[in-house]
Every structure is written in C-alpha cells, then in structure tokens.
Amino acid sequence: MKTISSALELKAYLRNENKTIGYVPTMGALHEGHITLIKEAKKNNEVVVVSIFVNPTQFLAGEDLDKYPRRDEADKKICELAGVDVLFMPQADELYFEDEVKIVAPNVRGYVLEGATRPGHFSGVLRVVMKLLNIVNPTNAYFGKKDAQQLNLIELMIKQYFMDVNIVPVDTVRDADGLALSSRNVYLSKEQRQEALKIPKSLYEASKMVSRGIVNVAEIKEQMLKILEPLEIGYVAILSREFEPIDEVVIGESIILVEALVGDTRLLDNIWL
Ligand code: AMP
C-alpha cells in the first residue's frame, strides 16, 4: 500500500495508473462500515483509494473537531489488511486555500434535517468531496446510506456539476445489537449505548408497521417518537427518496430518518423502505 499526503502527488500517481479507480472517502477511526465500503470498491475496480481526512469545514464552531477520534496508525493497518492500494492522508493546508472559490449546499435540501441543526455543515461536506473527487478522479466512489442526506446532496452535486464519477451507495452496517456503526459511538458510555438502541428499534418498528400495511406517516411517526422517549430528538422524518414530504409511505420510494442526541453525542440512523 502506498501512502500519500500531497494532493498533486496523488493526482500524478493515479493518472499514470490508467486503471479503473474505486474511491472511499473517510474521516478515519475506521470500523466495519468503512471496511464494507472498501470491500465493495475492491470488487469492481482495479485500484482502490481510501482517504482519511477529518475535514474542518464541515464542523461548526463548538462541535467535536478537536476531539474527533484519530487513529492513524490503526487505520493504516486496517487499510493494508483490507487490500487498499493507495491511502491518501492530507493535512488541511494541502486541500484548502485562502479566500477560496466555494461550493455551497443548496438552500432547501442543504438546510433541513441535519442541515437545520448544523447550518453550513453540508457546504463543508460538498466542498471537500468536490476537491477529493477532482484529485482522485475515480471511476466509482463509495458512500454509506447511513449518511443519507449527505449521499443525496453529493448525488445532486454530481448531477448539477456534470461530474463523471459513478456514486455507489452502500447499505448501513450495524453492530450485533442493531446500532449503526459510527466513529462517534466511542463517545457513548455503556448506559448511553443502551439508550441509543432506541434509535434502530424505532426504525425497525416503523418497518414492521409498513409491512403490516400501516403507511400513514403521522401514525408511524407517533409510534416512533414513543419508542424514542426520553431521548432528545433532532428529527424524525419520513420522506420520499428525493427528500420531499409525503403523507404515506410507498415501499421502494421512501426513507425514514432519525437524529437523536444521546448524552452529547448526535446519532444518525435511517431505513430505506
Ligand atoms: P465517515 O468516516 O464517518 O465520514 O464515513 C465515511 C463513509 O463511510 C461515509 O460514506 C459514510 O456514510 C460511510 N459509513 C459510515 N458509517 C457507516 C456504516 N455504519 N455503514 C455503512 N457505511 C458507513
């Protein structure tokens, strides 16, 4: 495995390879979710590139940028064992410039749900993803469905900026107890983790209701909120796959998203119905 920290060096190296490239962008503290994305990339590409970059522009003031888990050495080993060909680990000054031309998130989709509690977060995400995709120029780029709004906005950016990369959404990987894997799960105490299980439980219950023929959004939401009590809820949203409001769930076309605060930790989860 080759480890590169310079954007221009990586660009030059990959251009010479002249092969299909599968790319997995991450913020490190790698877990089985990230590894699943890497495995997907291995299946269909000649070269697999992973980046580890804790992107400062997607953290708002007062968020966990400084305490975000960093495990560079362990992550390098994980990538090597997973068969990654190139690991890109840039510093922030390698990617960002003073007084930049900026990509910003769209007004509506970028500022609802996660974007409402974290205004500006998705502008930071899109900015870095645009840069990373331009550096790596991959054939396929792999993103988790767990971050459904992020995935949706990236797909929108690819379409609206006429970018060539193929985006491959990957199903959410969960721990045995049902909790969606996240680098932020390490913040949870034992008791908080038990509380956090209410999130996947509420989504499971919602999917059971739908399979019983209960498709009314208000009814499903009410039941979910009961299960989630007494967690502090960011949002429970039942939307179309295009993130439009709906009154009834349509199987194959809907998504349910939850954001809840467990202690100080904001957890996201969703289910694609
Ligand atoms: P992060 O390092 O949290 O920025 O995540 C990097 C990529 O891994 C993103 O595309 C995430 O959506 C994806 N990801 C994170 N957690 C999971 C998970 N539990 N299952 C599948 N993909 C995930």
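Residues numbered from 1 in each chain as written. Predicted model: local features only at pLDDT ≥ 70, side-chain atom pairs only at ≥ 80, totals over all residues. Heavy atoms only, no water.

### Quick look at the pairing of strand β6 (residues 166-170)
Strand residues, when the strand is regular, have side chains that alternate between the two faces of the sheet. Note the threshold: Strand pairing is assigned whenever DSSP detects at least two bridges linking the two strands. The secondary structure listing takes helices from DSSP runs of H or I that are at least 4 residues long and strands from runs of E that are at least 2 residues long, numbered from the N terminus. Crossover handedness is defined by viewing with both strands directed away from the observer: a clockwise path from the first strand over the helix to the second marks the crossover as right-handed.
Bridge count between strand β5 (residues 140-144) and β6: five bridges; the pairing is parallel. From the neighbouring strand, Tyr 142 faces β6, where its bridge partner is Val 168. Since β5 and β6 lie parallel, the crossover through helix α7 (residues 148-160) that links them has a hand, and here it is right-handed.

### Re the sheet that holds strand β3 (residues 47-52)
The test is simple: Every angle, taken between N-to-C directions, lies between 0 and 180 degrees, and every axis is a line fitted to C-alpha atoms, over only the stretch in contact when it is a helix. Contact definition: two residues touch when any of their heavy atoms are within 4.5 Å.
Taking strand neighbours across the sheet as the criterion, the six strands line up as β1-β4-β3-β2-β5-β6 in an open arrangement whose pairing is parallel. Because the sheet does not close on itself, it has two edges, and the strands there are β1 (2-4) and β6. Direction aside, neighbouring strands of the sheet carry axes that sit 25° apart on average. Bridging between β3 and strand β4 (residues 86-88) involves three bridges; their strand directions are parallel. Across the sheet, residue Ser 51 finds its bridge partner in β4, namely Phe 88. Sitting on the sheet, helix α1 (residues 7-17) is in contact with β1, β2 (21-26), β3 and β4, with an inclination near 155° to β4. Seen against the sheet, helix α6 (residues 121-136) touches β2, β3, β4 and β5 and runs at an angle of roughly 150° to β2.

### A few points about α7
Quick reminder of the rule: One less than the number of residues in a helix, times 1.5 Å, gives the span that helix is expected to have. For the exposure calls, accessible area comes from a 1.4 Å probe over protein chains only, and a residue counts as buried if that area is under 20% of its type's maximum, exposed if over 50%, partly exposed in between.
An ideal rise of 1.5 Å per residue puts 18 Å on 13 residues; α7 measures up with 18 Å between its terminal C-alpha atoms. Counted residue by residue, α7 has 10 buried out of 13 residues, so it is predominantly covered. For α7, the set of buried residues is Ala 148, Gln 149, Gln 150, Leu 151, Asn 152, Leu 153, Ile 154, Leu 156, Met 157 and Ile 158. In this fold, the buried residues of α7 make contact with α5 (114-117), α6, β5, β6, β8 (254-262) and β9 (265-272). At the exit of α7 stands Phe 162, carrying a positive phi of roughly 50°.

### Topic: the packing of α1 against α6
Selection rule: Orientation labels follow simple angle bins: below 35 degrees gives roughly parallel, above 145 gives roughly antiparallel, 65 to 115 gives roughly perpendicular, and whatever is left gives oblique. Lys, Arg, Asp and Glu make up the charged group, whereas Ala, Val, Leu, Ile, Met, Phe, Trp, Tyr, Cys and Pro make up the nonpolar group; the residues left over, Gly among them, are polar.
Between α1 and α6, the shortest axis-to-axis distance is 8 Å and the interhelical angle comes to 40°. When the axis of α1 is compared with that of α6, the two are oblique. Residues Ala 7, Leu 10, Lys 11 and Leu 14 of α1 lie in contact with α6, whose contacting residues are Asn 134, Ile 135 and Val 136. Grouping the constituent residues of the contact of α1 with α6 by class yields five nonpolar, one polar and one charged.

### A short note on helix α2 (residues 32-44)
Along its 13 residues, α2 runs 19 Å from first to last C-alpha, staying within 8% of the 18 Å computed at 1.5 Å per residue. Here α2 has its buried residues at Gly 33, His 34, Ile 35, Leu 37, Ile 38 and Ala 41.

### Things to note about the side chain of Asn 152
For Asn 152, the location among the structural elements is in helix α7. Discounting residues that sit within four places of it in the chain, Asn 152 has contacts with Arg 109, Arg 241, Glu 242 and Phe 243.

### With respect to the site of the ligand
Condition: Throughout, the term near means that a residue has one or more heavy atoms lying within 4 Å of the molecule or strand in question. Two N or O atoms count as a polar contact when they lie within 3.5 Å, although within protein this holds only if one can serve as hydrogen donor and the other as acceptor, and sequence-adjacent residues are included solely when both atoms are side-chain atoms. Accessible surface area values rest on a Shrake-Rupley calculation with a 1.4 Å probe, where residue burial reflects the displayed protein chains alone.
Of all residues adjacent to the ligand, which total 16 residues, the nearest are Met 27, His 34, Asp 147, Val 173 and Leu 181. Leu 181 has a polar backbone atom sitting 2.9 Å from a nitrogen atom of the ligand. Alone, the ligand offers 490 Å² of accessible surface; in the complex the protein occludes 92% of this. Elements with a minimum of two residues in the shell around the ligand: β2, α2 and β5. In the shell around the ligand, the residues fall into seven nonpolar, six polar and three charged.

### Observations concerning the domain arrangement of the protein
Note the cut-off: The source of the domain bounds is an automatic or database domain assignment. Two parts lose some accessible area (1.4 Å probe) when they are put together, and adding that loss for both gives the buried area. We define a salt bridge as a side-chain nitrogen of Lys or Arg found within 4 Å of a carboxyl oxygen belonging to Asp or Glu.
Once the domains are mapped, the protein shows domain 1 (2-170) and domain 2 (183-272). Computed over C-alpha atoms, the centres of domain 1 and domain 2 are 26 Å apart. Contacts between the two partners involve 22 residues from domain 1, matched on the other side by 17 residues from domain 2. Buried area between domain 1 and domain 2, summed over both chains or domains, comes out near 1,700 Å², and the portion from carbon and sulfur atoms is 56%. It is Leu 113, Glu 114 and Lys 146 in domain 1 that bury the most area against domain 2; as a group they hold 29% of the surface buried on that side. The salt bridge involving Arg 184 is made with Asp 64; its shortest N-O contact spans 2.8 Å. Seen at the junction of domain 1 and domain 2, the total is nine residue pairs in polar contact (both at pLDDT 80 or more). If you list the elements that add at least two residues to the side of domain 1 that touches domain 2, you get α5 and α7. Per-element accounting of the side of domain 1 that touches domain 2 gives the leading share, four residues, to α7. Counted by class, the side of domain 1 that touches domain 2 contains seven nonpolar, six polar and nine charged residues.

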